[in-house]
Amino acid sequence: MSTNQAPLFSATAIAKNFGGVQALRGVDFDVVSGEIHALLGQNGAGKSTLVKILNGVHPAGSYTGTIQLDGQPVSFASPADARSNGVGYVPQEIEVLEQLSVAENVFAGRTGLGDGVLVHQRKLEQRAAEIFADLGIDIDPRAYVASLPSAQRHLVMIARAIVMKPRVLMLDEPTASLSGTEVDALFAVLRRLKAQGVAMIYITHRLPEVLAICDRATVLRDGQVAVRIAREDFDAETFIFSMSGQRLQRLFPEHAAPVGTPTALEVRRLSVDGHGGAVHGARDINLSVAAGEIVGLAGLLGSGRSEILHGIYGRVLSEGEIHVGGKEVSIKSPADARAAGIALLTEDRKRDGLLFNLPVGANITIGNLAPLSRRGVVRGGLERNAIVAAMRALNVKASSPRASVTHLSGGNQQKLLFARVLMRAPKVLLLDEPTKGVDAATRHEIYRLVVELADKGVSLLIVASELEELIGLCDRCLVVADGRIVDEFGRGEGGEDRVLRSVTAAQAERQAQVSA
Amino acid sequence: MNSAAEVSSPRRGTQSFRRRLIGLIAVGEVGVLAAMALLIAFFWLLEPAFLSERNIRAILNVVSFVGIIAIGQTILLVAGEFDLSVGSVAGLSAVVAAKLMTAAALPVTVGILGGIGVGALIGLLNGLIVVRLGIPAFIQTLGMLFIGQGLIQSVTGGYPVYPLPEAINTIGGTDLAFGLGWSFAFFIIAAVAADFVLRRTVLGRNIYATGGNKEVAHLVGINTNACKIGAFITVGALSAIAGMFVMADLGSGGTSIGSGWELTVIAGVVVGGVSLFGGAGTVAGGVVGILMLKVVQSGLVVIGVNSNWQQIAVGVIMVMAVGLDIVRRRYFIAGA
Ligand SMILES: Nc1ncnc2c1ncn2[C@@H]1O[C@H](COP(=O)(O)OP(=O)(O)OP(=O)(O)O)[C@@H](O)[C@H]1O
Ligand SMILES: [Mg+2]
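Nothing here was measured: the structure is a model prediction, and the numbers come from that model.

Visitor: Explain the overall build of chain B to me, using residue names and the numbers behind them.
Guide: A count of helical and extended segments in chain B gives 14 helices and 0 strands. Along chain B, from the amino end to the carboxyl end, the secondary structure elements read α-α-α-α-α-α-α-α-α-α-α-α-α-α. In chain B, buried positions account for 48% of the 336 residues. In chain B, once contacts between residues fewer than 6 apart in sequence are set aside, the share between residues at least 24 apart is 77%. About 15300 Å² of surface is accessible on chain B, with carbon and sulfur atoms providing 70% of the total.

Visitor: Hey, could you go over the site of ligand 1 for me, with residue numbers and the actual values?
Guide: Around ligand 1 lies a shell of 19 residues, among which A:Asn43, A:Lys47, A:Ser48, A:Thr49 and A:His407 are the nearest. Neighbouring residues of ligand 1 are not confined to one chain but are distributed across chains A and B. Measuring from an oxygen atom of ligand 1, one finds a backbone N or O atom of A:Gly44 at 2.8 Å. Protein contacts shield 87% of the accessible area of ligand 1, which totals 640 Å² for the unbound molecule. Elements that contribute at least two residues to the shell around ligand 1 include exactly helix H1 (47–54) and helix H14 (410–422) of chain A. Looking at the shell around ligand 1 residue by residue, the class counts come to 5 nonpolar, 12 polar and 2 charged.

Visitor: Describe in detail the domain arrangement of chain A, supporting the description with residues and values.
Guide: All names here are of chain A. Examined at the domain level, chain A breaks down into domain 1 (9–244), domain 2 (248–341 + 426–516) and domain 3 (356–424). If you look at the interface, domain 2 gives 16 residues, while domain 3 gives 12 residues. The contact between domain 2 and domain 3 buries some 1000 Å² in all, and 63% of this surface belongs to carbon and sulfur atoms. Among the residues domain 2 hides against domain 3, the three largest losses belong to Arg338, Pro426 and Leu449. Together they make up 42% of the total. Viewed at the interface, domain 3 and domain 2 are joined by 0 salt bridges.

Visitor: I'd like a description of the coordination of the magnesium ion (ligand 2), backed by residues and values.
Guide: Residues and elements named next belong to chain A. Every protein donor of the magnesium ion (ligand 2) is listed here as Ser48 (OG) and Gln92 (OE1), and their distances to the metal cover 1.9 to 2.1 Å. A residue pair is termed long-range when its members are at least 10 positions apart, and Ser48 in helix H1 and Gln92 in the loop between strand E6 (87–90) and helix H3 (102–106) qualify at 44 residues. Like Ser48, the residue Gln92 is buried in the burial classification.

Visitor: Could you give an account of the pattern of salt bridges, with specific residues and numbers?
Guide: All names here are of chain A. Counted by the stated rule, this structure contains 24 salt bridges over all chains. The partner of Arg216 in a salt bridge is Glu35, and the shortest N-O contact between them spans 2.5 Å. Highlighted residues: Arg216 in strand E9 (residues 216–221) and Glu35 in the loop between strand E2 (21–31) and strand E3 (36–41), separated in sequence by 181 residues. The burial state of Arg216 is the same as that of Glu35; both residues are buried. In this structure, Arg476 engages Glu293 in a salt bridge whose closest nitrogen and oxygen atoms are separated by 2.8 Å. Placement of the pair is Arg476 in strand E21 (residues 476–481) and Glu293 in the loop between strand E12 (281–290) and strand E13 (294–299), with a sequence separation of 183 residues. Residues Arg476 and Glu293 agree in their burial class; the two are buried. Connected through shared salt-bridge partners, Arg206, Glu209, Arg443, Glu466 and Glu469 make up one network.

Visitor: With reference to specific residues and values, describe the pairing of E6(A).
Guide: All names here are of chain A. Here E6 shows two buried faces, one formed by Val87 and Tyr89 and the other by Gly88 and Val90. In this structure, E6 lies alongside strand E7 (residues 168–172), joined through 4 bridges in parallel fashion. Bridge pairing links Val87 to Val168 in E7.

Visitor: Could you give me a rundown of the pairing of E7(A), with the residues and numbers involved?
Guide: Residue and element names in this part refer to chain A. For E7, a buried count of 5 out of 5 residues is recorded, marking the element as mostly surrounded by other parts of the structure. Pairing between E7 and strand E8 (residues 199–203): 5 bridges, direction parallel. If you follow Val168 over to E8, its bridge partner there is Ala199.

Visitor: Any details on the environment of A:Val360? Residues and values, ideally.
Guide: All names here are of chain A. Within the secondary structure layout, Val360 lies in helix H12 (residues 360–365). Taking C-alpha positions, Val360 is 9.1 Å from Thr406, a pair spaced 46 residues apart along the chain. Ignoring any residue separated from it by four or fewer positions in sequence, one finds Val360 in contact with Met391, Ala398, Ser400, Pro401, Ala403, Ser404, Val405, Leu408 and Leu416.

Visitor: Outline helix H8 (residues 236–244) of chain A, listing residues and values.
Guide: Residue and element names in this part refer to chain A. For H8, the full list of buried residues reads Phe239, Ile240, Ser242, Met243 and Ser244. Buried positions along H8 lie against E3, helix H7 (207–213), E9, strand E10 (224–230) and helix H15 (440–455). Gly245 lies just past H8 and shows a positive phi near 75 degrees.

Conventions used here
- Residues numbered from 1 in each chain as written.
- Chains lettered and ligands numbered in written order.
- Predicted model: local features only at pLDDT ≥ 70, side-chain atom pairs only at ≥ 80, totals over all residues.
- Heavy atoms only, no water.
- Helix = DSSP H or I, 4+ residues; strand = E, 2+ residues; numbered from the N terminus.
- Buried < 20%, exposed > 50% of the residue type's maximum accessible area, 1.4 Å probe, protein only.
- Contact = heavy atoms within 4.5 Å.
- Areas by Shrake-Rupley, 256 points an atom, 1.4 Å probe, with all protein chains shown as cover.
- Near = heavy atom within 4 Å.
- Polar contact = N/O pair within 3.5 Å; in protein donor to acceptor, adjacent residues only side chain to side chain.
- Nonpolar A, V, L, I, M, F, W, Y, C, P; charged D, E, K, R; others polar.
- Domains from an automatic or database assignment.
- Buried area = accessible area lost by both parts, 1.4 Å probe.
- Salt bridge = Lys/Arg side-chain N within 4 Å of Asp/Glu carboxyl O.
- Donors = N, O, S within 2.8 Å, 3.2 Å for Na, K, Ca; no water.
- Pairing = 2+ DSSP bridges.

Spelled out as C-alpha cells, the structure:
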C-alpha cells in the first residue's frame, strides 16, 4: 500500500458535540483510492459519529472541521447529497423500508430505472437478482423486507450501497450479524471494489476481519485518534491495547461442562413454521441443556437457529414439547416463557429490542417491574436503585438513566438489553447474537458474564454467527442446517471446519433427496 | 489534574443549569402552559371581559365535557391507537340512557349504567376488531362514528328525549363551587387518576411500551392486546360519561350531543404533546392541550373575531403545536 498516494477522501480536525457530550475532538482521517481503512475503537469512541459526518447524516454546519473529496472541499447537507457525490454508506443500524420488496429497497432513492416516473418492476427485480448473485447471497428480490430476518436485511442494505457504484464506501459494522460464508462473500466483493479503486472505510469489532482485509487502521479513543497502524504492524493485541488501554488476558474464560447436573431445558420434537421469504423454520428439534451448561447453535444464516430460540420463547407458534426443570410447560407466548424462567435476548436491537419512546432506565426495567412495585404502583426509589445497579453491573455508559436510548452507541444499547434480560434472574437464557456490535473489551466482559451465569447454574443456549466465538465459549455445539440439527460435538471435539463440513454434508444429502 | 478539575467546575455548574432548563422545556406540558399563559394575557389585554367570572366558568364547563373524553383519548393514543367514534358514542350513550329512564321507565342508576355499558361495549368492539382482525383503528372507528350516528337517529326517531327524571336535572344543575358542577369534579378526579396511572404504575409503563413498539412489549411479556382493548374500553366508557353529563346539563337527551367532538378532542390532546404515533404524551399534557384549544376559541369569540376565522385559528394552532413539538423533540431531547 503506498501511503504517499494523495487521499481521495479526507477529513481534518473534525469535532462534534451533542448537547454537552463531546463525541469527536479534532479527528483527522483519510482514505486513498483502492484502500480499505479500518476504523476501530471501543463502544462510544465516536466511529459511527465520524462516518455519519462524512456521509451527511450529521449535515454540514452541525460539526466543525473540513472534508475534502479529491482535494476539493465538500460539505454534505444530507446522505442523498453525499451519495450524488459518490460517497456510499451502510449504516450500523438496519434502515430498510419494511413495506417494500427487497428489489425496491435495493434501488430505493435511485431514479432513471424506468420510463419517466414509472418504475419497471421486472427490471428492478432482475438487476437486484444479479447483484445478489454477485454478492453470493440467496435472497428472493421479490420477498418483502418485512419478512426477512435481520442479517438478510443487513445484506439488503449493503447491496443498496454497492449498486450506487460509489467511489468512497463507508461500512459501519457490516458483518455484525453475518456468519462466515456471508462474510466471505462480502469480502470477495470488497476486494473487487478495492481493485476497482474504491476507497473504503470499514468499521468492525471483529479483529480477525481487520487482519484479513484491511490495509490500514485508525483507532479512535474518546473521540480522538489514539493511533494509526500500518498493515505491517497489524496485530490483535496491539489493537486491543490501543483501543482500551488494557492488555487482554485469555480470549475465552475457562469453563468446564457441568457434570451430573439435572437437565434444565429439554425440547422434544419442536417444529416452527417458516414465515415465507428466507425464513425456513425448524423441524423436529430435540435438544437439552443441563443446569449450568452453555450450548451453542451453530449454522449459516437462515438455517433456523433463531427460529428455534423463538419457538422456545413462544415468540412464534411451535409444535412439540418444552420441559423446564423436568416439568412440561405450555408456552404460547413470551409471557408464558418468562413465567417458566426463560429469557431471550433478541438479535435486532432496533426492531425487537429497544423502546425508543422510553429513557434508558425504563428500557431496562420494562417487563421487570413486578418486584419494583407495590400493588401495581412503581416505587421510584427502588426502581432507580435497580437501574443504577444494573447499569453498573454491565457497565452501560449513558449520561443518566433518563437519557434517551436513541443516542447510545450500538454497544451500549446491547449492554442495556443484556441488563433488561438479566434483571429477572432467568434459569434458562436464550442469547441471539449476544456480542453483536460489542467492542473487544466488552465482548470479554460478556463472555465472562456468560460463564459466571453458567457457574451459578443458569443454562444458556446461544446463537452466534462468529463460529470461533461460539466454539470457544460453549461446552457443546449443535450444528443446525436447513432447520434441523445435523451434528453435535463437545468442547475440544471439533472446530469451525467441523461445523462447515456437517453443514455441507447435510446440504448435499438434502440435494440428493430432492433429486431422487 | 487538579487545576483541570477546578477550571471545569464553573462550566459544569452552568451546564447543569442549562440541562435542567432543557429538561423543563422538554416536559411537554410546560411549553403548552407557557403558550396558554401568553394567549390568555393577549386576549385579556384586548378585552378584559375575557377573564370575567362568567367566561372562565363557561370555558371550564365546556372543557369538563370534552376533557373527560380527552383523558381516554390520551391513554388510547399512548397505547398506539386512536378513536374517531367518541362523539357518536357520547351521543348514543346519552340517548340510550335517556330512553331507559323514560320510555323503559327504569331507575336512574340503571339508565346511567346502561349508558356507560353502551360506551364500554362499543369500546370493546372497536378494540377487538382493531386488535384481532387487524383493521386499522382509523377505519374501524370512522365506521363506528357513522354507525353511532345512525343508531342515535333510530333510537330517538330524530327527536330529543324529554323530559328526563328530576334526579338527572339535579345532577346537571348542582353548583359545587364557582358555578361548576359534577362534570367538572369528575373530570378533575379522572384526570388526576389517569395521569397517575400512566406516570407511576406498572400498567402505565406497559401502555407506553405497547404504544412505543408492540413487538418489544410483547417480547418482554406484556399483554399488548389487553392494553389496547382496555384503552378502547376506557375511551368508550369515558365518552359515554361525558355524553350523559351534557345530557344532564341540557336537561334532555338531544340528538346532537357529541357531534363533532372527535376532532376537537384529538386536536386538543395533540396540541398538548400527545403523539399520534403512540408511546408519548401524558394525561396532564392532553388536558392542558384541550384547555388551550378552548381558551383560543373562547378568546376569539370574546374579542369579536368572525366565526370562520375561529375555525382557521384552531387549524393553525394544531399544526403549529405539532410542528413545535417535532422541533422541540429534535433540538432539546435529541440534543443534536
Ligand atoms: N445523536 C446523538 N445525540 C447525543 N449523543 C450522541 C448522538 N450520537 C452519538 N452520541 C454519543 O456520542 C458518542 C459516540 O457515539 P458513536 O455512536 O459514534 O460510537 P461508536 O464508536 O460508533 O460506538 P459503537 O461501537 O458502540 O457503535 C457516544 O457517547 C454517544 O452516546
Ligand atoms: Mg457505532
